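# Commentary on secondary and tertiary structure
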Amino acid sequence: MQCHGKDFSDEREVVLGLDFGTSAAKVVIGDAALGKAFAVPFADQMGIERYLLPCRLYESDGVYSLHRGDQTHRDLKLALIAEPTDATLQARVVAFLALVIRHARGWLFAQHADIYRTTHLVWKLVVGLPAATHLKDDLSLVFAETSLAAWLVAGGPEFVDRQSVDAALLRSRELTRSLERRAEAEDVEVDVVPEIAAQIYGFVNSTSFDKKAENLFLMVDVGAGSVDSSLFHVRPARGGKWDFEFFTSVVEPHGAMNLHRHRIRWWEEALSKPGVRADGLAQALNRLKFPTDRLAPLPNGYSSYFDDVTVTFDDNRKDPDETFFAKKVLTQVRGQTYWRTWKDGFLPQSSLRGIPVFFCGGGTRIPFYQRLRGELQSMPNFSWLKATPRVIDIPQNLEAPGLLRDDFDRLTVAYGLSFLEVGKITKSIPQPKITVNPVSSWRESYVDKDHC
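Conventions adopted
- Residues numbered from 1 in each chain as written.
- Predicted model: local features only at pLDDT ≥ 70, side-chain atom pairs only at ≥ 80, totals over all residues.
- Heavy atoms only, no water.
- Salt bridge = Lys/Arg side-chain N within 4 Å of Asp/Glu carboxyl O.
- Buried < 20%, exposed > 50% of the residue type's maximum accessible area, 1.4 Å probe, protein only.
- Helix = DSSP H or I, 4+ residues; strand = E, 2+ residues; numbered from the N terminus.
- Arc of directions from axis to C-beta.
- Contact = heavy atoms within 4.5 Å.
- Axes fitted to C-alpha atoms, helices over the stretch in contact; angles between N-to-C directions.
- Parallel < 35°, antiparallel > 145°, perpendicular 65-115°, else oblique.
- Left-handed = near helix turned anticlockwise from the far one by under 90°.
- Nonpolar A, V, L, I, M, F, W, Y, C, P; charged D, E, K, R; others polar.
- Phe/Tyr/Trp six-rings, centres within 6.5 Å; stacked < 30°, edge-to-face > 60°.

## Re the pattern of salt bridges
The tally for this structure, following the rule as stated, stands at 19 salt bridges. D344 is paired through a salt bridge with R340; the nearest N and O atoms lie 3.0 Å apart. Under the relative-accessibility criterion, R340 is labelled partly exposed at 27%. Taken together, the shared-partner salt bridges in this structure form one network comprising D10, R12 and D31.

## Let's talk about helix 14 (residues 367-375)
Along helix 14, the positions that sit buried rather than exposed are F368, Y369 and L372. All buried residues of helix 14 fall inside an arc of 95° around its axis, so they share one side. In this fold, the buried residues of helix 14 make contact with strand 10 (216-222), strand 11 (227-236), helix 10 (256-271), helix 12 (320-343) and strand 13 (356-360).

## Quick notes on the side chain of T412
Among the secondary structure elements, T412 is positioned in helix 15 (residues 412-417). Owing to a relative accessible area of 4%, T412 belongs among the buried residues under this scheme. What T412 contacts, discounting residues up to four positions off in sequence, is A198, Q199 and C360.

## A short note on the packing of helix 10 against helix 12
It is at 10 Å that the axes of helix 10 and helix 12 come closest, and there the two elements cross at 140°. With respect to each other, helix 10 and helix 12 are oriented oblique. In this structure, helix 10 meets helix 12 at a crossing whose hand is right-handed. From helix 10, N258, L259, H262, R263 and W266 reach across to helix 12, where they touch P320, D321 and F324. Residue composition of the contact of helix 10 with helix 12, grouped by class: 4 nonpolar, 2 polar and 2 charged.

## Quick look at the packing of aromatic side chains
Under the counting rule described, the total for this entry stands at 30 aromatic pairs. Measuring from ring centre to ring centre gives 5.8 Å for F20 and F96, while their planes differ by 35°; the resulting arrangement is tilted. Taken together, the residues span a long stretch of sequence, with F20 in strand 1 (residues 10-20) and F96 in helix 2 (residues 87-111) at a distance of 76 residues. Given a relative accessible area of 1%, F20 falls into the buried group. Residue classification places F96 among the buried residues on the basis of a relative accessible area of 0%. With a centroid separation of 5.5 Å and an interplanar angle of 55°, the aromatic rings of Y415 and F419 are classed as tilted. Judged by its relative accessible area of 14%, F419 is buried. Among the aromatic residues, ring-to-ring pairing joins F203, F209, F217, F232, W242, F244, F246 and F358 into one connected group.

Read these as spatial facts, not as claims about activity.
Next up, the structure:
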């Protein structure tokens, strides 16, 4: 955990921002005193692939590895969110995160020993969660416990195995559930924050951010397993912290890999109908069912899964891509997240017209999800419901050799986690609907909530 021996001349805080995604993990280490952030590479590749680690854990005789093993464990994050009390699923997440932490610290000390050889590091580990998940106290607590347990395991000299993981989980629960005993974990501070809050940090900390503006934002994160969409207000707080007020926050299993599975199910049903000649196609479909940790792009459309196959519809609403997009993705983002903010009385139309929208996540590179940009700029019969796409530029203090500007959105969460100081995170409640006499001039005495 330290690069120095017993002697050091200064002390500073260093933050390990860990974006534990559905398909890949990303890590950025932030040093505020140095004014730099280091993106941690996991592969000897070019571009963004250099900084992506597939969320895949191997196991052999109870010992875990990131590279090889007799057993392969996948869907680590989604499985734990679905069954947060399952001890086996918790152990796998702890083991995976512990190995990621070890790799990140080893890389930092190997590459930047000249910087930290005489410095004692006070570590902080910050892990992101979908906003809707973070607002659930039980899930947030589970991820806080597994994150601390992973840190404890990573700091040990032994192999990462089930025995060390179980012991760390027990110790972590004792520390995280007792405020008095939490101080005993003095070698690290662990925090779990909404991923969307971390994603926008690169923007709010830039010269493009106007502290005096209304600062309402729509964020859409398209991942492998889910789409995380939120509409929220951000404002600077005391001590360099940032407060977030969420009006709507929705996480649905509408991510890229679930789109893929939707397409596969449609093909399986279509090829099983009487009279359809599908020799060998059903077997080919089984080979296409790759897991959520696959980093390769999906076909552009359902019809691109096979060559020399023609599909016609008597009604385009039966198109599997159109069905998934309109009834799932667009309904979530434009309906449940954007439009509902007005419908449920959170904000007036005037505040929502032209609201900035940020898109991030690997799924946004797929043409299927890129349609959201156009769809969010207009809605039939609601001319005021128009979101304006914005882009977060690569921060000047981020060291990530080979990273292209268009790929920075894959690292926005990890970067934000490594610097963001979160103040209050609240869930807004709708404004009360006031019933008044229509002939009275109530507007003259009404005070908007923004002026209170």
